[in-house]
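A look at the structure
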Amino acid sequence: MNFTKGLTSAALLAALTTAGMSGVAHAQEDTIKVGILHSLSGTMAISETTLKDAMLMLIDEQNAKGGLLGKQLEAVVVDPASDWPLFAEKARELIEGDNVAAVFGCWTSVSRKSVLPVFEELDNILFYPVQYEGEESQRNVFYTGAAPNQQAIPAVDYLMENDGVERWVLAGTDYVYPRTTNKILEAYLKDHGVAEEDIMINYTPFGFSDWQTIVSDIKKFGSEGKKTAVVSTINGDANVPFYKELANQGISASDIPVVAFSVGEEELAGLDTAPLVGHLAAWNYFQSVDTDANYEFIDAWHAFTGDDARVTNDPMEAHYIGFNMWVKAVEKAGTTDPDAVIDAMIGVAVPNLSGGYSAMMPNHHITKPVLIGEIQDDGQFDIVYETPGLVAGDAWSDYLPDSKNLIADWRAPMSCGNFNVETGKCGGMSE
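Residues numbered from 1 in each chain as written. Predicted model: local features only at pLDDT ≥ 70, side-chain atom pairs only at ≥ 80, totals over all residues. Heavy atoms only, no water.

A word on the state of the cysteines. Following the criterion strictly, the structure yields 1 disulfide and no others. C416 shares a disulfide with C426; S-S distance 2.0 Å. Classification of the bridge connecting C416 and C426 rests on its S-S torsion, roughly 95°, and on that basis the disulfide is right-handed. Taken as a pair, C416 in strand β18 (residues 416-420) and C426 in strand β19 (residues 425-426) lie far apart in primary sequence, 10 residues in all. (Disulfide = S-S within 2.5 Å. Helix = DSSP H or I, 4+ residues; strand = E, 2+ residues; numbered from the N terminus.)

In structure tokens, the structure reads:
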């Protein structure tokens, strides 16, 4: 009798456990999980925390519209803590452990490079929202930030044509994005007649703070009779002491203008911008863009954060574009299955915040305008230049010998991120 009761109890427990597990599985299926992979601590938190908040806002807004495919979206937030190998671990955790449908994240190229094998192995999707060095097109990644031809090259052209710049300081943080971008820019400058002695290249570690000697060298380099500019790929919180030291040494924008690729409204919020008025940044969006879509976005951001002082910036717009593209592609595919969504993404067009539409190209890069802005004393940018139309992101630079013959096209039958048009083969170099 006791033995029978024991069996009955065990069977009942098993049944209840199975029911409970089924309930958990069912509950998981009731939402579509979206991964957010941004540093909330460490040197990159100054830039990435806002992107996490922007994603939470976008997910809330989509849920208010009824969700996606009849389900609510659920944000799953992790903190890779500005630790590049940890990005890969957290990406795996999101995909395998949390079963997310897609991931929005990374800032630095080293963090993106860290996670690429994970997304390829587990066949998931990463939306990468930050300007980068190009020289890559991966099937599982959609690059919604700028390629070099959508930021770096137009910025140099602007300084050449408008300021008559002849000498160039290429100053960057020591990792793959600045080094590759500066390799492209050095080749571009030389191709346009700039002598090697008129190019100064400098790299510093993440979080670098002792800028006195370097800024002194820049000042000396710019005092030799030719108009000089700094092209800055300095990332993260190292920008704060860099700009402070420029001001300390009396370097104004009229003397040696700095055009930055990683300094936007969020970074300027931590600075006394008065001495920096006139220095430049090149992006594809500024908060000061004068469109109804942008004003609505800013109002929604202030309402979501409860803080009218919170600024918007370019990578936020890139997430806005990427997220809306993902939603549209999921609706088009009728599923969140990554393979189906990847195929559905190409050709998807959604509004950007500059008054037009951005489209996803076959190389997994998007079309976008290029804007040059001057820093104002209120921490905003006065837009001094905008490309006449949208610029399509080029995954492979025309100025590097190893990549000038490469294209990316993820449509069948090519389905290749590095197709060599000269040899007619896929795999011209490492993706």
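Structure's up, so let's keep going.
Let's shift gears to the nonpolar core. Most often, soluble globular proteins keep nonpolar side chains buried together rather than apart. In this structure, L37, F242, Y243, F323 and W326 are the most contacted members of the largest nonpolar core, which totals 94 residues. Examining the composition of this core, we find that 9 residues originate from one element, helix α11 (residues 314-333), more than from any other. With residues near it in sequence (within four places) discarded, Y243 still touches V258, A260, V263, L271 and L276. (Core = buried A, V, L, I, M, F, W, Y, C linked by side-chain atoms within 4.5 Å. Buried < 20%, exposed > 50% of the residue type's maximum accessible area, 1.4 Å probe, protein only. Contact = heavy atoms within 4.5 Å.)

Right, let's get into the sheet that holds strand β17 (residues 406-409). Working definition: the strands of a sheet are paired by backbone hydrogen bonds and lie parallel or antiparallel to each other. Taking strand neighbours across the sheet as the criterion, the 3 strands line up as β17-β18-β19 in an open arrangement whose pairing is antiparallel. Every other strand in the sheet has two partners, leaving β17 and β19 as the edge strands with one partner each. (Pairing = 2+ DSSP bridges.)

Overall, mixed pairing links the 7 strands, which are arranged β7-β6-β8-β9-β10-β14-β15 in an open sheet. Across the chains shown, the open sheet's two edge strands, defined by having one partner strand only, are β7 (199-204) and β15 (381-386). On average, each strand axis in the sheet is inclined to that of its neighbour by 25°, with strand direction left out of account. Pairing analysis gives 2 bridges linking strand β9 (residues 258-260) to strand β10 (residues 280-283), with the strands arranged parallel. What sits directly across from A260, in β10, is A281. Against the sheet, helix α6 (residues 176-191) touches β6 (167-173), β7 and β8 (228-233), its axis set at about 180° to β7. The strands touched by helix α8 (residues 239-248) are β8 and β9; relative to β9, the strand with the most contacts, the crossing angle is about 170°. (Axes fitted to C-alpha atoms, helices over the stretch in contact; angles between N-to-C directions.)

Attention now moves to the packing of helix α7 (residues 212-221) against α8. Put simply, α7 and α8 touch, their axes get as near as 10 Å, and they point 50° apart. As judged from the angle between their axes, α7 and α8 are oblique. Helix-helix and strand crossings are classified by hand; for α7 and α8 the assignment is right-handed. Across from Q212, V215 and I218 in α7, the residues of α8 making contact are F242, E245 and L246. Looking at the contact of α7 with α8 residue by residue, the class counts come to 4 nonpolar, 1 polar and 1 charged. (Parallel < 35°, antiparallel > 145°, perpendicular 65-115°, else oblique. Left-handed = near helix turned anticlockwise from the far one by under 90°. Nonpolar A, V, L, I, M, F, W, Y, C, P; charged D, E, K, R; others polar.)

It is worth spelling out the environment of T305 at this point. Considering the arrangement of structural elements, one finds T305 in helix α10 (residues 292-305). Measuring from C-alpha to C-alpha, the distance between T305 and Q249 comes to 37 Å, with 56 residues separating the pair along the chain. A polar contact is formed between the side chain of T305 and the backbone oxygen of H302, at a distance of 3.5 Å. At a separation of 3.3 Å, a polar atom in the side chain of T305 contacts the main-chain amide nitrogen of D307. (Polar contact = N/O pair within 3.5 Å; in protein donor to acceptor, adjacent residues only side chain to side chain.)

Under the defined criterion, the tally for this structure stands at 18 aromatic pairs. On the numbers, 5.1 Å between centres and 50° between planes, the contact of W84 with F206 is tilted. In this pair, W84 is assigned in helix α3 (residues 84-97) and F206 in the loop between β7 and α7, connecting sequence segments 122 residues apart. Between the aromatic rings of Y132 and Y143, the centroid separation amounts to 5.0 Å while the plane-to-plane angle is 15°, which identifies the pairing as stacked. Taken together, the residues span a long stretch of sequence, with Y132 in the loop between β4 (126-128) and β5 (141-143) and Y143 in strand β5 at a distance of 11 residues. The two residues Y132 and Y143 agree in class, both being buried. The aromatic ring of Y128 is capped on one face by R112, whose charged end is 4.8 Å from the ring centroid. Stacked on the ring of Y203, the Lys or Arg R179 has its end atom at 4.0 Å from the ring centre. (Phe/Tyr/Trp six-rings, centres within 6.5 Å; stacked < 30°, edge-to-face > 60°. Lys NZ or Arg CZ within 6 Å of the ring centre and 35° of its normal.)

A few words on the pairing of β17. Judged from the 3 bridges that link them, β17 and β18 form a sheet pairing that is antiparallel. What sits directly across from D409, in β18, is C416. If you look at the hairpin formed by β17 and β18, you'll find 6 residues sitting between the two strands, and S415 has a positive phi there, around 40°.

The next point concerns the environment of H319. Position of H319 among the secondary structure elements: in helix α11. H319 sits in the buried class, given a relative accessible area of 1%. If we skip the residues at most four places from it in the chain, H319 touches H38, L51, M55, L58, F104, G105, F127 and P129. Reaching out from H319, the side chain makes a polar contact with the side chain of H38 at a distance of 2.9 Å.

Interpretation in functional terms is not warranted from these geometric data alone.
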